[in-house]
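Residue-level listing of the chains:
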Amino acid sequence: MQEVEKIKEFGGWLKRYTHNAFSCQCAMTFSIFLPPLAEKEDVPAVYWLSGLTCTDDNFRTKAGAQRYASELGIALIIPDTSPRGDNVADEEDRYDLGKGAGFYVNATQAPWSKHYQMYDYVTKELPALIEENFPVIKGLRSISGHSMGGHGALICGLKNAGMYRSVSAFAPINNPVKSGWGKGCFSAYLGDDVSTWEAYDATCLVKAGAKSVPILIDHGQDDQFLVDQLHPEHLLQACRETDQSITLRMHEGYDHSYHFIATYIGEHLAFHEKALRDR
């Protein structure tokens, strides 16, 4: 693991690292914000999963989350969205497949399966690396994300009971088997058997009986992707039918951008801090 950047912010430190990931078989990058409290004691962590075309840089420079994390005494863990490197499979003419679009699944189809093991990376390898090398409390973590990363946060919470104390998302892809983005990536990464896609779909997981800690979701009513790609109504209905706890809020005038995320990130981090504190 190599530190490539270190910036003082809000009394804490924003750091960036690269490391050789055994799950993705390539060099991976992540950022971590450690609040001032981490200099005195171990702190809980919130993992943030970013959306299509993003890297770890988008959230840490646009969301304004570090101010809140500093005040609340929580670490932020911000991985990249996909494997990178000259030898990593990609579709250069598409933004929604390949590099920047890992979709947080374990790919089973060539050529993607060699490197695109993002589900194992964010749920196993990265938490183990963080908890071994940084002042965070082992096993005390929450997860959040945006768009494709919101989908990732939801499936990580639903597929791993007890791993996270809280789950939230901004404008997540709630039902990717019904979404153009999801269909495009799932067919490439997982093959043509739609039943294998459902293992990485929050709505399908809830319908099948998966349970999570309470979920908080925010959507903007002016999100250009709301109707065709995100389908929050599908997840909400599934949760109501199965008594899965969910708070889904719709916000007039907001779109899909980081302006929306920056407006409500403080509320999301407070939601997570409360769950992490009540232990």
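Note that this is a predicted model, so its numbers are computed, not measured. (Residues numbered from 1 in each chain as written. Predicted model: local features only at pLDDT ≥ 70, side-chain atom pairs only at ≥ 80, totals over all residues. Heavy atoms only, no water.)

A.B. asks: Tell me about helix α5 (residues 180-190), and name the residues and values.
C.D. replies: For α5, a buried count of 8 out of 11 residues is recorded, marking the element as mostly surrounded by other parts of the structure. Within the sequence span of α5, burial applies to Trp181, Gly182, Gly184, Cys185, Phe186, Ala188, Tyr189 and Leu190. Looking at the packing, one finds that the buried side of α5 touches α4 (148-159), α6 (194-197) and α8 (226-230). For α5, the N-terminal cap is Ser179; the gap from its side-chain oxygen to the backbone nitrogen of Trp181 is 3.2 Å. Looking one or two places after α5, you find Gly191, whose phi comes out positive at around 95°. (Buried < 20%, exposed > 50% of the residue type's maximum accessible area, 1.4 Å probe, protein only. Helix = DSSP H or I, 4+ residues; strand = E, 2+ residues; numbered from the N terminus. Contact = heavy atoms within 4.5 Å. Polar contact = N/O pair within 3.5 Å; in protein donor to acceptor, adjacent residues only side chain to side chain.)

A.B. asks: Kindly report on the side chain of His268, identifying the contributing residues and their values.
C.D. replies: Here His268 lies in helix α10 (residues 258-277). For His268, the residues in contact, after removing those within four places along its chain, are Ser144, Ser168, Ala169, Phe170, Leu216, Asp218 and Arg249.

A.B. asks: Help me get a handle on empty space enclosed by the protein, residues and values and all.
C.D. replies: Under the definition given, this model contains 1 cavity of 30 Å³ or more. Taken as a whole, the largest cavity encloses approximately 40 Å³ of empty space. In terms of lining residues, the largest cavity is bounded by Val46, Tyr47, Trp48, Phe59, Leu76, Ser144, Ser168, Ile265, His268, Leu269 and His272. Elements that contribute at least two residues to the lining of the largest cavity include exactly β4 (43-49) and α10. Class assignment for the residues of the lining of the largest cavity results in 7 nonpolar, 4 polar and no charged. (1 Å grid on protein atoms, 1.4 Å probe; cavity = no way out; pocket = protein on both sides within 12 Å on 5 of 7 lines; lining within 4 Å. Points joined across faces, edges and corners; volume = space filled by probe spheres on them. Nonpolar A, V, L, I, M, F, W, Y, C, P; charged D, E, K, R; others polar.)

A.B. asks: Explain the packing of helix α2 (residues 65-72) against α10 to me, using residue names and the numbers behind them.
C.D. replies: Angle between the axes and distance between the axes: these two values describe a pair of packed helices. Put simply, α2 and α10 touch, their axes get as near as 9 Å, and they point 30° apart. It follows from the interaxial angle that α2 and α10 lie roughly parallel. As for the relative orientation of α2 and α10, their crossing is right-handed in sense. Within the contact between the two elements, α2 uses Ala65, Tyr68, Ala69 and Leu72 and α10 uses Ile265, Gly266, Leu269, Ala270 and Glu273. Here the contact of α2 with α10 is composed, by residue class, of 7 nonpolar, 1 polar and 1 charged. (Axes fitted to C-alpha atoms, helices over the stretch in contact; angles between N-to-C directions. Parallel < 35°, antiparallel > 145°, perpendicular 65-115°, else oblique. Left-handed = near helix turned anticlockwise from the far one by under 90°.)

A.B. asks: So what's going on with unusual backbone geometry? Residues and values would help.
C.D. replies: With omega at 0°, the peptide bond leading from Ala110 into Pro111 counts as cis. At Phe103, a residue that is not glycine, the phi angle is positive and equals roughly 60°. Examined against the element boundaries, Phe103 turns out to sit in the loop between β5 (75-79) and α3 (118-133). A relative accessible area of 0% means that Phe103 is categorised as buried.

A.B. asks: Now, about helix α9 (residues 232-242): what can you tell me, with residues and values included?
C.D. replies: Within the span of α9, buried status applies to Pro232, Leu235, Ala238 and Cys239. One side of α9 holds all its buried residues, which, seen down the axis, span an arc of 130°. Projecting away from the buried face of α9 at angles above 90 degrees are the exposed residues Arg240 and Glu241. Buried residues along α9 sit against α4, α7 (202-207), β8 (215-220), α8 and β9 (246-251). In the stretch just after α9, Asp243 is the one whose phi turns positive, near 60°. (Arc of directions from axis to C-beta.)

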